[in-house]
Amino acid sequence: MSISIPLNTTLQYSSSSSLLPSFSLSSPITSSAVPVTGIRQRCLRMVTSCVSNAQKSVLNGATDAVSVVGREQIRLGLPSKGRMAADSLDLLKDCQLFVKQVNPRQYVAQIPQLPNTEVWFQRPKDIVRKLLSGDLDLGIVGLDIVGEFGQGNEDLIIVHEALNFGDCHLSLAIPNYGIFENIKSLKELAQMPQWTEERPLRVATGFTYLGPKFMKENGIKHVTFSTADGALEAAPAMGIADAILDLVSSGTTLKENNLKEIEGGVVLKSQAALVASRRALTERKGALETVHEVLERLEAHLKADGQFTVVANMRGTDAEEVAERVKTQPSLTGLQGPTISPVYCKRDGKVSIEYYAIVICVPKKALYESVQQLRAVGGSGVLVSPLTYIFDEETPRWSQLLSKLGM
Ligand SMILES: Nc1ncnc2c1ncn2[C@@H]1O[C@H](COP(=O)(O)OP(=O)(O)OP(=O)(O)O)[C@@H](O)[C@H]1O
Ligand SMILES: O=P(O)(O)OC[C@H]1O[C@H](OP(=O)(O)OP(=O)(O)O)[C@H](O)[C@@H]1O
Ligand SMILES: [Mg+2]
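Quick caveat: nothing in here was measured; it's all calculated off a predicted structure.

1. A few points about the overall build of the protein chain
Right, on to step 1. Helices and strands together make up the secondary structure of the protein chain, namely 13 helices and 16 strands.
Right, on to step 2. Buried positions account for 44% of the 407 residues belonging to the protein chain.
Right, on to step 3. Taking the intrachain contacts of the protein chain between residues at least 6 apart in sequence as the baseline, contacts between residues at least 24 apart amount to 72%.
Right, on to step 4. Summing over all exposed atoms, the protein chain offers an accessible surface of approximately 21,900 Å²; the carbon and sulfur share of this is 53%.

The following block contains the structure:
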């Protein structure tokens, strides 16, 4: 079944009703025959605070003001299943953060290295919804899901936008055949005389917020949307839609269904990101410290992931002379410049320095080029090993985060 969504409709999810206390806001919560002492008094204070926050949020027209109070643990949402689940756990493992999940159906887990943090496994779209409702503080999800379900809400902060997995893009695709055979761009598609108010361009998509927004931003007026849960690529051949707007990574599904992407048709590029609730970072005790630690670990791992450590020996008269030679080669400068140290050799019973060891980090992509350049300036015995972490003095994303938070 497909549902028609007019272009000017904004679909909004409604925040989980369990977020609001299940009692009525007008309940006489302070009247009771039981004396108000000890635990009861503390509970009452919590309930009163929840009610007053809920009342404030209702008064402000917001759906989401209750959850920042009332819990000590920082909550990190991770995808419970699907493409992103295993990669999220692997990434944390690579950062020496080991999520202890006893079995895959257990939706809450611990990270012993972050004792104040709980992991909650949720579907990606629910991670975004729960960040907004205050039920989660941090989460790892695709940027596509942040865009679609976050809808530009300012409470969502992207702490790290490139976690290096889940790469894909959201793109408009049309058939290779029929009236679309010669259409190569969004502009050409928009100018086709076929689309009128009575017979608009029909787009099938699961992205019912981003799809209409993209079309509107591109000035495409005569368009309607239908939605389905999967296998959207079949819709044009079935005659249900003219085009689809869906995620693409390898491009195989499009190709196999005789569809093509068009110039100007990419809505967004996506990969996994670390996302946080602004409110949690500013109001929840310990949240900012936790996000700093997670960010440092992520940055150290991700920066190192693209690099090799290269060690080579070079004959030379002194360290400066070797450095001069090395610096003539563009790929050999390393992170801050090469580290050069003397190699002490024993010759005829005497210690002498004829060689210098040079240590540099090189991007994985530039490895062979760097080895060639090292050889060209007299390098020999080149050893290459993977780099595990690069901890900089401070991560640039941390200062960006503080400025986003106005700190
Ligand atoms: N080829 C791809 N197709 C879809 N998603 C991809 C692809 N490559 C990477 N991704 C990322 O993976 C996410 C989808 O993960 P998953 O497969 O678990 O979702 P889903 O099955 O659509 O979710 P749900 O079961 O909740 O409908 C996307 O939001 C995107 O960020
Ligand atoms: O470019 P590709 O590598 O071919 O990947 C793109 C396809 O993968 C996703 O579908 P998914 O596998 O999640 O199936 P579904 O659409 O039925 O949910 C997406 O919706 C595309 O159909
Ligand atoms: Mg699909």
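2. Examining the site of ligand 2
Right, on to step 1. Around ligand 2, the neighbouring residues are Arg83, Gly230, Ala231, Glu233, Asp246, Leu247, Val248, Ser249, Ser250, Gly251, Thr252 and Thr253.
Right, on to step 2. In the environment of ligand 2, an oxygen atom lies 3.1 Å from a nitrogen or oxygen atom belonging to the backbone of alanine 231.
Right, on to step 3. Separating an oxygen atom of ligand 2 from a side-chain N or O atom of glutamate 233 is a distance of 2.5 Å.
Right, on to step 4. In the complex, 66% of the free accessible area of ligand 2, which totals 490 Å², lies under the protein chains.

3. What to know about the packing of aromatic side chains
Right, on to step 1. For the structure on display, the rule yields two aromatic pairs.
Right, on to step 2. Considering the side-chain rings of phenylalanine 180 and tryptophan 195, the 6.1 Å spacing of their centres and the 20° angle between planes classify their relative orientation as stacked. Of this pair, phenylalanine 180 sits in the loop between strand 7 (168-175) and helix 5 (186-190) while tryptophan 195 sits in the loop between helix 5 and strand 8 (201-205), and the two are 15 residues apart along the sequence. Here phenylalanine 180 and tryptophan 195 have matching classes, each one buried.

4. Things to note about the domain arrangement of the protein chain
Right, on to step 1. In terms of domain boundaries, the protein chain breaks down into domain 1 (29-66), domain 2 (74-166 + 272-303 + 395-404), domain 3 (168-267) and domain 4 (307-386).
Right, on to step 2. Centre-to-centre separation of domain 2 and domain 4, based on C-alpha positions: 40 Å.

5. Regarding the sheet that holds strand 12 (residues 272-277)
Right, on to step 1. Strand order in this open sheet of six strands is 3-4-2-5-12-6, and the pairing throughout is mixed. Looking at the sheet topology across the chains shown, the edges are occupied by strand 3 (108-110) and strand 6 (156-160). Sheet twist, expressed as the average angle between the axes of neighbouring strands with direction ignored, equals 35°.
Right, on to step 2. Across six bridges, the pairing between strand 2 (residues 74-79) and strand 4 (residues 117-122) is parallel. The residue bridging proline 79 from the neighbouring strand is glutamine 122, located in strand 4.
Right, on to step 3. Sitting on the sheet, helix 3 (residues 124-133) is in contact with strand 2, strand 4, strand 5 (138-142), strand 6 and strand 12, with an inclination near 140° to strand 5.

Calculation rules
- Residues numbered from 1 in each chain as written.
- Chains lettered and ligands numbered in written order.
- Predicted model: local features only at pLDDT ≥ 70, side-chain atom pairs only at ≥ 80, totals over all residues.
- Heavy atoms only, no water.
- Helix = DSSP H or I, 4+ residues; strand = E, 2+ residues; numbered from the N terminus.
- Buried < 20%, exposed > 50% of the residue type's maximum accessible area, 1.4 Å probe, protein only.
- Contact = heavy atoms within 4.5 Å.
- Areas by Shrake-Rupley, 256 points an atom, 1.4 Å probe, with all protein chains shown as cover.
- Near = heavy atom within 4 Å.
- Polar contact = N/O pair within 3.5 Å; in protein donor to acceptor, adjacent residues only side chain to side chain.
- Phe/Tyr/Trp six-rings, centres within 6.5 Å; stacked < 30°, edge-to-face > 60°.
- Domains from an automatic or database assignment.
- Pairing = 2+ DSSP bridges.
- Axes fitted to C-alpha atoms, helices over the stretch in contact; angles between N-to-C directions.

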